[in-house]
Amino acid sequence: MIPFSCSLASPSTSISKFISDHPQLSMLEKGCTSMKDIQNIHAHLLKTGLAKHPLAVSPVLAFYATAPAGDINYAYLVFTQIHSPNLFSWNTIIRGFSQSSTPQLALSLFIEMLIFSSVQPHRLTYPSVFKAYAQLGLAHYGAQLHGRVIKLGLQFDSFIRNTIIYMYANCGFLSEMWKVFYERMDFDVVAWNSMVMGLAKCGQIDESRKLFDEMPHRNTVSWNSMISGYVRNGRLREALDLFCQMQRERIKPSEFTMVSLLNASARLGALKQGEWIHECIRKNDFEQNVIVTTSIIDMYCKCGSIGKAFQLFEMAPVGGLSCWNTMILGLAMNGCENEALQLFSRLECSNLRPDDVTFVGVLTACNYSGLVDKAKEYLSSMTNTYKINPSIKHYSCMVDTLGRAGLLEEAEELIRNMPVNPDAIIWSSLLSACRKHGNVELAQQAAKHIVDLDGNESCGYVLLSNVYAASYQFEEAMDQRLSMKEKQIEKEPGCSLIEVNGKIHEFVAGGRLHPQAQEVYSLLNGSG
């Protein structure tokens, strides 16, 4: 991987010699790290005509394409101005797009290189192409490139092999992943990490942990892949336990590890655990970038410490749109709906532009505060002012808002006329509103839609049964429960979590698996 420094981005001594022959380019040798520096150099290259020379422009291209402060679209403009791009230029622009939000352009450039360029792909070209296939979830096409690599005899090159494993793992092609992995069993921590990540991503978390335990050596990425895998699969307590083991083995976590743990604490509502992780981040001087800052704010919001979350938001040295979105939704979910809408007004006056996630938070605030007309205004503003097409999430918020206000027919009309296909969640929202307001006829229609969308979903049966029971139609209510039993549809039991002395305890409705269940039930029975 090329370091993000202009002086180190050059591929060979030939570029260094070229620069030494042109003293005005000495800044490339001294190093530059800012966009301003590279723009000054690029301006000089344009003035002197050197911008078309592949050796002269290669470091500039590398900065624009791969540096955090770079600009991949501008990198492409630079690339198009090069006469007869060399291998380094092709590899750089393909790698840049493979890491961008438009990895499909990396594939287009690779095909262009194959068909139109006199320069043919090299062993260092292929990893970026496999990464692009992985990003796009196109492993079935990537498999064709895998075949080409085998014909060229490059399948055992470690860089290529690791990205092939990563592609199959990321796309859920587990049999192909295992086959490539077993072809050569010499230990390569990158390959093992990809396997651990891929298995966890596909829900095979126990297999992932088994492979993790078998690793001869682990690096920080290994631990983070396993911890984030547990979080992804809802095994949140195991994630925190594994972090404690990581601490005991004196392995320094990365910021990605900490973000996964903050996510676990947020989903568990484990405030003490979250505060401890926040303190670890502060003491270990982790970079307070947008991702870390947003995760900390999100954890405090979801753990109910909204005052602390807002304090950190106001003090955050780096605050991107994701921070604003998290804070707006956090305020809305914690009973501070007016404050959420006021914060949105502040956002509109800033240099940031609201996105679709922002409006989920805004509509949620309107929903919880019963502001039907305001919600309609925001939905209109979203499409007309900000040119954002509402998704099913936005329409669900709007249906819930109308349903809570008793505007059931209007909610149903919105579902039928919206430009996206309704899902079981949006019909469940209407069904819940029907239960609250006693509209049995509309409840029956909503329940039918839920069953049609997913016949194994218990929600439609349970909610309709409750609607009947609330309307004193007990026979019909019983029929719904019997229908569930006949179809072997089980309602998932409710559960609750409580944090005591920094430890998370889970209690399931009717469950007695908790180690202290007997004492808990004795205490509850005694208090009655």
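Thresholds applied
- Residues numbered from 1 in each chain as written.
- Predicted model: local features only at pLDDT ≥ 70, side-chain atom pairs only at ≥ 80, totals over all residues.
- Heavy atoms only, no water.
- Helix = DSSP H or I, 4+ residues; strand = E, 2+ residues; numbered from the N terminus.
- Buried < 20%, exposed > 50% of the residue type's maximum accessible area, 1.4 Å probe, protein only.
- Contact = heavy atoms within 4.5 Å.
- Patch = residues over 30% accessible without salt bridge, like charges linked within 9 Å, V, L, I, M, F, W, Y side chains within 5 Å.
- Areas by Shrake-Rupley, 256 points an atom, 1.4 Å probe, with all protein chains shown as cover.
- Salt bridge = Lys/Arg side-chain N within 4 Å of Asp/Glu carboxyl O.
- Core = buried A, V, L, I, M, F, W, Y, C linked by side-chain atoms within 4.5 Å.
- Polar contact = N/O pair within 3.5 Å; in protein donor to acceptor, adjacent residues only side chain to side chain.
- Phe/Tyr/Trp six-rings, centres within 6.5 Å; stacked < 30°, edge-to-face > 60°.
- Expected span 1.5 Å × (residues − 1).
- Arc of directions from axis to C-beta.
- 1 Å grid on protein atoms, 1.4 Å probe; cavity = no way out; pocket = protein on both sides within 12 Å on 5 of 7 lines; lining within 4 Å.
- Points joined across faces, edges and corners; volume = space filled by probe spheres on them.
- Nonpolar A, V, L, I, M, F, W, Y, C, P; charged D, E, K, R; others polar.
- pLDDT = per-residue confidence, 0-100.
- Disulfide = S-S within 2.5 Å.
- Axes fitted to C-alpha atoms, helices over the stretch in contact; angles between N-to-C directions.
- Parallel < 35°, antiparallel > 145°, perpendicular 65-115°, else oblique.
- Left-handed = near helix turned anticlockwise from the far one by under 90°.

Enquirer: Looking at this structure, how should I read the overall build of the chain?
Expert: Scanning the chain from N- to C-terminus turns up 30 helices and 2 strands. In the chain, which comprises 528 residues, the share counted as buried stands at 47%. A fraction of 57% describes how many contacts in the chain between residues 6 or more apart in sequence connect residues 24 or more apart.

Enquirer: What is the right way to look at a nonpolar patch on the surface in this model?
Expert: A cluster of nonpolar side chains, contributed by I111, I115 and F116, occupies part of the molecular surface with about 370 Å² of accessible area. On the secondary structure map, I115 appears in helix α7 (residues 104–116). For I115, a relative accessible area of 57% gives the class exposed.

Enquirer: Can you walk me through the pattern of salt bridges in this structure?
Expert: For the structure shown, the criterion picks out 10 salt bridges. The partner of R346 in a salt bridge is E314, with the nearest N and O atoms 3.1 Å apart. Of this pair, R346 sits in helix α21 (residues 337–348) while E314 sits in helix α19 (residues 306–315), and the two are 32 residues apart along the sequence. For R346, a relative accessible area of 39% corresponds to the partly exposed category. For E314, a relative accessible area of 41% puts it in the partly exposed group.

Enquirer: It is not clear to me how the nonpolar core should be interpreted in this structure. Could you clarify?
Expert: The tendency in soluble globular proteins is for nonpolar side chains to be buried side by side. If you look at the biggest cluster of nonpolar residues, it comprises 139 residues, and the most contacted ones within it are I93, M177, M327 and L430. The contact partners of L430, leaving out residues within four places of it in the chain, are V399, L408, A411, E412, I415, L442 and A446.

Enquirer: When you look at the side chain of S100 in this model, what are you seeing that I'm missing?
Expert: Within the fold, S100 resides in the loop between α6 (87–98) and α7. Polar side-chain contacts of S100 include one of 2.7 Å to the backbone oxygen of F97.

Enquirer: What should I look at first to understand the packing of aromatic side chains in this one?
Expert: Any pair of aromatic rings gets described here by the distance separating the centres and the angle formed by the planes. For the structure on display, the rule yields 16 aromatic pairs. Note on F243 and W276: the rings are 5.5 Å apart at their centroids and 65 degrees apart in plane angle, and the pair reads as edge-to-face. Of this pair, F243 sits in helix α15 (residues 236–248) while W276 sits in helix α17 (residues 271–283), and the two are 33 residues apart along the sequence. The buried category is assigned to F243, whose relative accessible area is 1%. The exposure class of W276 is partly exposed, given its relative accessible area of 35%. Cluster of aromatic residues (ring-pair linked, three or more members): W178, F181, Y182 and W192.

Enquirer: Honestly, unusual backbone geometry in this entry has me stumped. Any pointers?
Expert: Despite not being glycine, S84 has its phi angle at roughly 50 degrees, a positive value. Mapped onto the elements of the fold, S84 is located in the loop between α5 (72–80) and α6. Under the relative-accessibility criterion, S84 is labelled exposed at 65%. Although it is not a glycine, R250 adopts a positive phi angle of roughly 55 degrees. The class for R250 is exposed, based on a relative accessible area of 78%.

Enquirer: Looking at this model, I keep getting lost on helix α27 (residues 440–453). Mind explaining?
Expert: Residue pairs spaced three or four apart in an α-helix point in one direction, given the helix's 3.6 residues per turn. Here α27 is 14 residues long and its end C-alpha atoms lie 20 Å apart, about the 20 Å a rise of 1.5 Å per residue gives. Within α27 the residues assigned to the buried category are V440, L442, A443, A446, A447 and I450. The buried residues of α27 occupy an angular sector of 155 degrees when projected down its axis, which confines them to one face. Exposed positions of α27 whose direction lies more than 90 degrees from the buried face are E441, K448 and D452.

Enquirer: Help me understand the environment of P216 in this model?
Expert: Secondary-structure assignment places P216 in the loop between α13 (205–214) and α14 (220–232). Spatially, the C-alpha atoms of P216 and V189 are 8.7 Å apart, while their sequence positions differ by 27 residues. The contacts of P216, once residues within four sequence positions are left out, are F187 and W192.

Enquirer: Before we go on, may I ask you to explain the side chain of N289 in this structure?
Expert: Tracing the sequence through the fold places N289 in the loop between α17 and α18 (290–302). The buried category is assigned to N289, whose relative accessible area is 14%. Within the structure, N289 has its side chain in polar contact with the backbone nitrogen of I291 (distance 3.2 Å).

Enquirer: Quick question: what am I supposed to make of the layout of surface pockets here?
Expert: One way to see where empty space is left: roll a probe the size of a water molecule over the atoms. There is about 370 Å³ of room inside the second largest pocket. Surrounding the second largest pocket, 17 residues form its lining, D298, K302, N325, T326 and L329 being those nearest its centre. Where the lining of the second largest pocket is concerned, the elements lending two or more residues are α18, α20 (321–333), α22 (356–369) and α24 (392–404). Considering every element that reaches the lining of the second largest pocket, the biggest residue donor is α20, with 6 residues. Here the lining of the second largest pocket is built from residues that sort into 5 nonpolar, 8 polar and 4 charged.

Enquirer: What exactly am I supposed to notice about the confidence of the model for the chain here?
Expert: Averaged over every residue, the pLDDT of the chain is 84; the share at 70 or more is 79%. In this model, residues 1–12 is a region of pLDDT below 50 whose contacts with residues beyond four sequence positions or in other chains number 25 contacts.

Enquirer: For this particular structure, what's the right way to read the environment of A365?
Expert: Along the chain, the position of A365 falls in helix α22. When sequence neighbours within four positions are dropped, the list of residues in contact with A365 reads A332, E337, A340 and L341.

Enquirer: Could you clarify how one ought to interpret the state of the cysteines in this entry?
Expert: What is meant by a disulfide is a covalent connection between two cysteines, made through their sulfur atoms. Applying the stated rule across the entire model yields 0 disulfides. Of all cysteine sulfurs in the structure, the one in C397 sits closest to C366, which takes part in no disulfide; the separation is 9.4 Å.

Enquirer: How should the packing of helix α23 (residues 372–384) against α24 be read in this particular structure?
Expert: A packed helix pair is summarised by two numbers, namely the angle formed by the two axes and the spacing between the axes. The N-to-C vectors of α23 and α24 enclose an angle of 160 degrees; their axes lie 10 Å apart at closest approach. If you check the angle between α23 and α24, you find them roughly antiparallel. Viewed along their axes, α23 and α24 form a crossing whose handedness is left-handed. Facing V372, A375, K376, L379 and M382 of α23, the residues of α24 in contact are H394, M398, T401 and L402. Class assignment for the residues of the contact of α23 with α24 results in 6 nonpolar, 2 polar and 1 charged.

Enquirer: In this structure, what is going on with the packing of helix α11 (residues 174–183) against helix α12 (residues 189–201)? I would like to understand it.
Expert: Between α11 and α12, the least distance of the axes is 11 Å, while the angle of their chain directions is 160 degrees. Considered as vectors, α11 and α12 are oriented roughly antiparallel to each other. Crossing angle aside, the handedness with which α11 passes α12 is left-handed. Residues L174, M177, W178 and F181 of α11 form the contact with α12, whose own contacting residues are A191, W192, M195, G198 and L199. For the contact of α11 with α12, the class distribution of residues is 8 nonpolar, 1 polar and no charged.

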